[in-house]
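Each chain, written out:
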Amino acid sequence: MITPRLEVDLGSIRHNARVLVDRLAPRGIRVTGVTKATLGSPNVATAMLRGGVVGLGDSRVENLARVRRAGIAAPLTLIRSPMLSQVEAVVRHADVSLNTEPKVLDALSVAAVRQRTTHAVVLMVELGDLREGVAIDDVVDLARSVAKYPGLTLAGLGTNLACQSGIVPDQAKMLTLSHLAEQVEAACGIRLSVVSGGNSANLEWAMAADHVGRVDELRLGEAILLGTDPLSRHPIPGLRPDAFTLIAEVIEAKTKPAQPWGATVRTAFGEAPPRRGRGTVRQAILALGHQDIDPDALIPPAGITVLGASSDHLVVDMGDHELGVGGEVAFQLGYSAVLRAMTSPFVTKVEIGTARGDEVELAAERSVDLSVADLLAGIDG
Ligand SMILES: *Cc1c(COP(=O)(O)O)cnc(C)c1O
């Protein structure tokens, strides 16, 4: 089979979404499934929806357009502040966007009026992680102004923690958000339809809190896709960790000295990782590199150790495994490795299992197919 390939198990994604949706529902919290790590894969989106998420979120309008083009009708939220240069596309493809900038709201309003539609706005509040967000003191005024824009409706408030500075979403932060929601409702005379508490890093809080206040939605990507809690990096009990498997091919297998020799410099990717031990290692090179994965977020099979990587070579100590040229090695992946593998045109994506639960789907996609074919045709001819 073609390598490298990223196998995406839709059944695991559906299962993980279902478990999280069912755990959060009794707490009054709905789930928006975040598809950005899969570039808005329509099959992944469908698996999440079958797992019970109420809508889909993505940080790229291109990915939302892909979901919409596939005929998926669920509410779509752009979870990154729209680029001023993309407001027309945002209004066309997203029902909701997360916002912080008055200038962007102006432009969204103009685009919505021009397209004779309404676009819903969630204002993001800065609660200390120092990525996107309006200062707490400015939220009520900005909310009042949104309510006055033609073509826009104020859907609610949201916040995002953990991603930039690792700030933990705790009860105090969530109560601040709840309190702001109530202030905005009083000032604008409306009921907010969403108070979006955050991402997968909010799960620990959401499951443990005595009361979740006004928070009624979380935007979950990593927890659904990988079954891990990004705060602790631990697997979440009851979730499947196996939705993504990357299979790479051996292009060299040789016994080599354990230690390099000669004068040393820094490598293209910084300090060379230290090589341990004496004597020899049974070393294999896989046709995979920084261009395709984050080598630090690759989880090799037990007994195999990643020794280092460059753009296109992944060097492993094969331990007791018998790896020969043409052989395959299957890795599990952390979030940053999934993200890069999904984005690499050299990695074929193979979606397996059942997104819907009632039928088997199989789809393989390789965006370099054409250019590879062209290249080979050129060589042959
Ligand atoms: C990426 C992102 C999410 C989802 O984060 P996960 O950790 O994958 O759950 C939610 N909200 C925003 C604003 C994001 O950028």
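Residue positions are counted from 1 within each chain, in the order its sequence is given. Totals for whole chains, interfaces and linings use every residue, but because this is a predicted model, local features are given only for residues with pLDDT of at least 70 and side-chain atom pairs only at 80 or more, for both listing and counting. Processing note: side-chain calculations cover all non-hydrogen atoms of the structure and skip hydrogens and water entirely.

Draft legend 1. Region of the structure containing the site of the ligand. One heavy atom within 4 Å of a molecule or strand is enough for the residue carrying it to be called near that molecule or strand. Near the ligand, the surroundings consist of Val34, Lys36, Ile79, Arg131, Glu132, Asn160, Asn199, Ser200, Arg219, Leu220, Gly221 and Glu222. Under the rule applied, a polar contact is a pair of N or O atoms within 3.5 Å (in protein, one hydrogen donor and one hydrogen acceptor; residues adjacent in sequence only if both atoms are side-chain atoms). At 3.0 Å from an oxygen atom of the ligand is found a side-chain nitrogen or oxygen belonging to Arg131. Contact distances for the ligand include 2.8 Å between an oxygen atom and a backbone N or O atom of Glu222. When residues are grouped by polarity, Ala, Val, Leu, Ile, Met, Phe, Trp, Tyr, Cys and Pro land in nonpolar, Asp, Glu, Lys and Arg in charged, and all others, Gly among them, in polar. Its residues assigned to classes, the shell around the ligand shows 3 nonpolar, 4 polar and 5 charged.

Draft legend 2. Structural view of the side chain of Gln86. We count a stretch as a helix when DSSP gives it H or I for four or more residues in a row; a strand needs E for two or more, and each element gets its number in order from the N terminus. Inspection of the secondary structure assignment puts Gln86 in the loop between β4 (76-78) and α4 (87-93). Look at Gln86 and you get buried, because its relative accessible area is 18%. Contacts are assigned to residue pairs with any non-hydrogen atoms lying within 4.5 Å of each other. Apart from the residues lying within four places of it in its own chain, the contact partners of Gln86 are Val61 and Glu62. Partly exposed residues are those whose accessible area sits between 20% and 50% of the maximum for their type, while under 20% is buried and over 50% is exposed, using a 1.4 Å probe and protein chains only.

Draft legend 3. Broad picture of the confidence of the model for the chain. On average, residues of the chain score 93 in pLDDT, and 93% of them are at 70 or above. A residue's pLDDT is simply how confident the predictor is in it, with values from 0 to 100. Across residues 359-381 the pLDDT falls below 50, and counting only partners more than four positions away or on other chains, this stretch makes 28 contacts in the model.

Draft legend 4. Structural context of helix α6 (residues 139-148). The complete set of buried residues in α6 reads Val139, Val140, Leu142, Ala143 and Val146. Buried residues of α6 fall within an arc of 160 degrees about the axis and therefore sit on the same side. Turned more than 90 degrees away from the buried face of α6 sit Asp141 and Lys148, all of them exposed. Of the surrounding secondary structure, the elements contacted by the buried residues of α6 are α5 (102-114), β6 (119-125), β7 (152-159) and α7 (171-188). As used here, the arc is the angular range of directions from the helix axis to the C-beta atoms.

Draft legend 5. Broad picture of the nonpolar core. What we call a nonpolar core is a set of buried Ala, Val, Leu, Ile, Met, Phe, Trp, Tyr and Cys residues that are connected through their side-chain atoms within 4.5 Å. Counting residues in each nonpolar core, the largest one holds 97 residues, and the members touching the most others are Ile13, Leu157, Phe244 and Leu333. No other element matches helix α1 (residues 10-24), which puts 7 residues into this core. Setting aside residues up to four positions removed in sequence, Ile13 forms contacts with Val8, Val44, Ala47, Met48, Ile224, Leu225, Ala243 and Phe244. Val34, Ile79, Ala155 and Val194 belong to the second largest nonpolar core, which has 9 residues in total.

Draft legend 6. Region of the structure containing the pattern of salt bridges. The salt bridge definition used is simple: a Lys or Arg side-chain nitrogen within 4 Å of an Asp or Glu carboxyl oxygen. Summed over all chains, the structure comprises 13 salt bridges. A salt bridge links Glu222 to Arg233, with the nearest nitrogen and oxygen atoms 3.1 Å apart. Within this pair, whereas Glu222 is found in helix α9 (residues 222-226), its partner Arg233 is found in the loop between α9 and β10 (244-257), the two being separated by 11 residues in sequence. With a relative accessible area of 9%, Glu222 lands in the buried category. A residue is classified by how much of its surface remains accessible, and Arg233, at 54% relative accessible area, is exposed. By sharing partners, the salt bridges in this structure join Arg5, Glu7 and Glu328 into a single network.

Draft legend 7. Inspection of the packing of α6 against α7 at higher detail. The axes are straight lines fitted to the C-alpha atoms, using for helices just the contacting stretch, and the angles between their N-to-C directions are given from 0 to 180°. As a packed pair, α6 and α7 sit with axes 9 Å apart at the nearest point and diverge in direction by 45 degrees. In terms of axis orientation, α6 runs oblique to α7. Note that α6 runs across α7; the crossing there is right-handed. Across the interface between the two elements, Val139, Val140, Ala143 and Arg144 from α6 touch Leu180, Gln183, Val184, Ala187 and Cys188 from α7. Among the residues forming the contact of α6 with α7, the class breakdown is 7 nonpolar, 1 polar and 1 charged. These descriptions rest on fixed angle ranges, namely under 35 degrees for roughly parallel, over 145 for roughly antiparallel, 65 to 115 for roughly perpendicular, and the rest for oblique. In this scheme the handedness of a crossing depends on how the near helix is turned from the far one: anticlockwise by less than a right angle means left-handed, clockwise means right-handed.

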